[in-house]
Amino acid sequence: MEITFKKADKTDVELIHNLAEQIFPVTYSEIITPEQNDFMMDWMYSVPNLQKQMDEGHTYYLAYADGVPVGYVSVEQDGPDVFHLQKIYVLPSYQKHHLGRHLFEKAIAHIKEVHPAPCRMVLNVNRNNTRALGFYEYMGMKKISEGDFDIGNGFFMNDYIMGLDI
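For the structure given in this document, a descriptive report is provided here. Just so we're clear, the structure is a prediction, and the values are computed from it rather than from any experiment.

Attention shifts here to the overall build of the protein chain. Counting its regular elements, the protein chain contains five helices and seven strands. Taken from the N to the C terminus, the helices and strands of the protein chain come in the order β-α-α-α-β-β-β-α-β-α-β-β. Here the protein chain has a C-alpha radius of gyration of 15 Å; the compact-globule value for 166 residues is 15 Å, and the two agree. Dimensions of the protein chain along its principal axes, counting C-alpha atoms only, are 40 × 35 × 30 Å. Residues counted as buried form 46% of the 166 residues belonging to the protein chain. Considering only residue pairs separated by 6 or more positions, the protein chain has 60% of its internal contacts joining residues 24 or more positions apart. As presented, the protein chain carries roughly 8,600 Å² of accessible surface, and 50% of it is formed by carbon and sulfur atoms. Side-chain charges in the protein chain split into 14 positive and 23 negative, and the spacing between the mean points of these groups amounts to 7 Å.

See below:
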């Protein structure tokens, strides 16, 4: 399987939205309610909100397997020496093929390219998402704190914040 990447731009927001519609509900089906899923899909993945994220400095990369779009990663600078890994998702049918690792490494390569000095990459991960927690720990990330974040409409993200010095 040949893995390639494309730095996304605003012409790719429909594709990111479509991938999210296939990935996000499956990923969180046993973790959040369908109502919270719908709210978060609109909040994070509506086409206007994806465009706004890009305007605000989120950098997206799309992953392709043999020319087929299969996942994405998003990184945002969150301080002088801090970058936030905002999103990293792979289509369920392509999971277990190391694409998550490739996307994670792509995020780190991007950070090193735009910020060669030592810095930290952080991310939020749902405390009940044991698969993701295991993946991030395998990739070298450590839990540094946790929080319950009010995202609106009575919904919360109950997350660990993990970090990796790069």
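A pair can form between side chains of opposite charge whenever their charged atoms are brought close. Under the definition given, this model contains eight salt bridges. One salt bridge in this structure joins Lys 6 and Asp 12, with 2.4 Å as the shortest N-O distance. A relative accessible area of 8% means that Asp 12 is categorised as buried. In this structure, Arg 101 engages Glu 105 in a salt bridge whose closest nitrogen and oxygen atoms are separated by 3.5 Å.

So, on to helix 1 (residues 13-28). Helix length check: helix 1 (16 residues) gives 21 Å between terminal C-alpha atoms against 22 Å at 1.5 Å per residue, within 8%. In the structure, helix 1 departs most strongly from a straight axis at Ala 20, where the bend amounts to approximately 30°. Turning to helix 1, the residues buried within the fold contact helix 2 (34-45), helix 3 (47-55), strand 2 (59-65), strand 3 (68-79), strand 4 (82-90) and strand 5 (120-126).

With that out of the way, let us pick up the environment of Asn 37. As for its placement among the helices and strands, Asn 37 is situated in helix 2. Classification of Asn 37 as buried rests on a relative accessible area of 10%. Each C-alpha atom, one on Asn 37 and one on Tyr 136, is 22 Å from the other, the two residues being 99 residues apart in sequence. Other than its neighbours up to four places away in sequence, Asn 37 contacts Phe 24, Pro 25 and Ile 32.

Thresholds, definitions, all that
- Residues numbered from 1 in each chain as written.
- Predicted model: local features only at pLDDT ≥ 70, side-chain atom pairs only at ≥ 80, totals over all residues.
- Heavy atoms only, no water.
- Helix = DSSP H or I, 4+ residues; strand = E, 2+ residues; numbered from the N terminus.
- Rg over C-alpha atoms; globule rule 2.2 N^0.38 Å.
- Buried < 20%, exposed > 50% of the residue type's maximum accessible area, 1.4 Å probe, protein only.
- Contact = heavy atoms within 4.5 Å.
- Areas by Shrake-Rupley, 256 points an atom, 1.4 Å probe, with all protein chains shown as cover.
- Lys, Arg positive; Asp, Glu negative; His and termini not counted.
- Charge placed at Lys NZ, Arg CZ, Asp CG, Glu CD.
- Salt bridge = Lys/Arg side-chain N within 4 Å of Asp/Glu carboxyl O.
- Expected span 1.5 Å × (residues − 1).
- Bend = angle between axes of the 7 residues up to and from the residue.

The quantities given are spatial measurements derived from coordinates; they are silent on function.
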